[in-house]
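Report on the structure
Each chain is listed here by its residues.
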Amino acid sequence: AMAPRALLLALLAATGANAAAPDDEVTALPGWPGPLPSRHYSGYVDVSAEPGTTPGRFLHYWLVEAEDADPATAPLVLWLNGGPGCSSMEGLMSEVGPLFLDKADPTTLRRNPHTWARTANVLFLESPIGVGFSYTEEGTFGSGVHVNDTATAVDAEVFLRRFLTAPALFPELRPNPLHIAGESYAGIYIPTLADEIVRGNDAGATPLNLNLRGLLIGNGIPTPSPLFLGRSAPVLRRFSAVLLCCL
């Protein structure tokens with residue numbers, strides 16, 4: 001029988017990577033008979049300073065389009081698992097995604113009737129660099145590659161702006177209401193990312209503002225973990241600005 005990790009690797013093998021959004025579309029998954037409940041996409045966005053010129057920093061995403069609402073107008077929910085170091089594929093396959101690994105038979109998938117994708121486009125991001133299938137070409141961790149909360153927030157903000165503005169990705173979703181959700185150490189990731197977004201919007205980040213409308217933190221960790229050196233605490237001095245943009 002196929003082990004759960006092997007099945008997850010097979011799921012990723014069924015997808016495109018480093019390609020335009022049409023090539024990133026997932027049309028079938030092992031363990032699930034027939035068509036998917038809605039359109040799925042899986043691929044990478046290079047968040048390095050100058051993609052194609054500087055060594056790449058590739059964040060892996062999985063986008064599930066809304067099932068019962070029009071994806072063109074449905075909210076976009078960015079989902080972040082915490083940890084630190086947990087893959088958001090856990091959120092996809094066991095928490096809020098449309099298809100779960102079946103505990104009785106982990107070689108198959110079962111329907112999640114309570115998926116958030118019923119009414120929203122749900123974007124699962126493996127962050128920071130080094131988590132799950134996200135990777136860097138800059139070197140090895142501890143030798144030229146360092147990750148902390150500040151870098152994680154900056155990378156995620158760059159990811160969103162490129163994901164929602166690059167013609168080959170999903171610019172049609174940029175006007176949709178954006179909500180950031182997650183759990184555990186996402187209690188750090190979410191406010192720091194929201195702060196980066198508000199700062200970028202205020203500064204007139206190229207090319208257009210992100211339509212941030214809400215934050216949702218479940219079972220959140222509100223303080224940095226001593227397990228991860230070089231972390232920055234959540235930025236509270238601009239919390240009022242974040243709150244105002246979400247009202």
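For the structure itself, consult the block above.
Read on for a plain summary of the structure. Given the structure is predicted, the values throughout are model-derived calculations rather than measurements.

Once that is clear, we can look at the overall build of the protein. Of the regular secondary structure elements, the protein holds six helices and 12 strands. Looking at the protein residue by residue over its 247 residues, the buried ones come to 47%. By sequence separation, contacts in the protein at least 24 residues apart represent 71% of the contacts at least 6 residues apart. When the accessible surface of the protein is split by element, carbon and sulfur atoms take 59% of a total near 10,900 Å².

On the secondary structure map, Asp 23 appears in helix H2 (residues 21-24). For Asp 23 and Tyr 41, which are 18 residues apart along the polypeptide, the C-alpha to C-alpha distance reads 8.5 Å.

With the rule as written, the count across this model stands at 10 aromatic pairs. Ring geometry for Tyr 61 and Phe 170: centres 6.3 Å apart, planes at 85 degrees, overall edge-to-face. Here Tyr 61, found in strand E3 (residues 57-64), pairs with Phe 170, found in the loop between helix H4 (149-163) and strand E11 (178-183); they are 109 residues apart in sequence, far enough to count as distant. With respect to burial, Tyr 61 and Phe 170 carry one shared label: buried. For the ring pair Phe 159 and Phe 163, a centre distance of 5.3 Å and an interplane angle of 25 degrees mean the geometry is stacked. Remark: Phe 163 and Phe 159 occur in helix H4; sequence separation between them is four residues, near one turn of the helix. For the pair Phe 159 and Phe 163, a shared accessibility class is recorded, and that class is buried. The rings of Tyr 41, Tyr 61, Phe 159, Phe 163 and Phe 170 are connected pair by pair, giving a single aromatic cluster.

Here H4 contains 15 residues, and its C-alpha end-to-end distance of 21 Å stays within 8% of the 21 Å for a straight helix at 1.5 Å per residue. Capping the start of H4 is the job of one residue whose side-chain oxygen sits 3.1 Å from the backbone nitrogen of Thr 150: Asn 148.

The subject of this paragraph is the environment of Gly 187. Here Gly 187 is to be found in helix H5 (residues 186-202). C-alpha of Gly 187 to C-alpha of Leu 216: the two residues are 29 residues apart in sequence and 9.0 Å apart in space. Those residues in contact with Gly 187, other than ones at most four positions away along the chain, are Ile 217, Gly 220 and Ile 221.

For the rest of this paragraph, the subject is the pattern of salt bridges. Tallied over the full model, the rule gives eight salt bridges. Of the charged contacts, one joins Glu 67 and Arg 118 as a salt bridge, the two residues approaching to 3.6 Å between their closest N and O atoms. Residue Glu 67 is located in the loop between E3 and strand E4 (76-80), and its partner Arg 118 is located in the loop between strand E6 (109-111) and strand E7 (121-126); the two are separated by 51 residues in the primary sequence. Residue Glu 67 is classed as buried on the basis of its relative accessible area of 16%. Using a relative accessible area of 27% as the deciding quantity, one classes Arg 118 as partly exposed.

Before going further, it helps to examine the nonpolar core. Residues Tyr 61 and Phe 159 are the most contacted members of the largest nonpolar core, which totals 35 residues. Those elements that place two or more of their residues in this core are strand E2 (40-46), E3, E4, E7, H4, E11 and H5. Element by element, the count of residues in this core is highest for H5, at eight residues. Excluding residues within four positions of it along the chain, Tyr 61 makes contact with Asp 24, Tyr 41, Ser 42, Gly 43, Tyr 44, Val 45, Leu 123, Phe 124, Phe 159, Phe 163, Leu 169 and Phe 170.

Definitions and cut-offs
Residues numbered from 1 in each chain as written. Predicted model: local features only at pLDDT ≥ 70, side-chain atom pairs only at ≥ 80, totals over all residues. Heavy atoms only, no water. Helix = DSSP H or I, 4+ residues; strand = E, 2+ residues; numbered from the N terminus. Buried < 20%, exposed > 50% of the residue type's maximum accessible area, 1.4 Å probe, protein only. Contact = heavy atoms within 4.5 Å. Areas by Shrake-Rupley, 256 points an atom, 1.4 Å probe, with all protein chains shown as cover. Phe/Tyr/Trp six-rings, centres within 6.5 Å; stacked < 30°, edge-to-face > 60°. Expected span 1.5 Å × (residues − 1). Polar contact = N/O pair within 3.5 Å; in protein donor to acceptor, adjacent residues only side chain to side chain. Salt bridge = Lys/Arg side-chain N within 4 Å of Asp/Glu carboxyl O. Core = buried A, V, L, I, M, F, W, Y, C linked by side-chain atoms within 4.5 Å.

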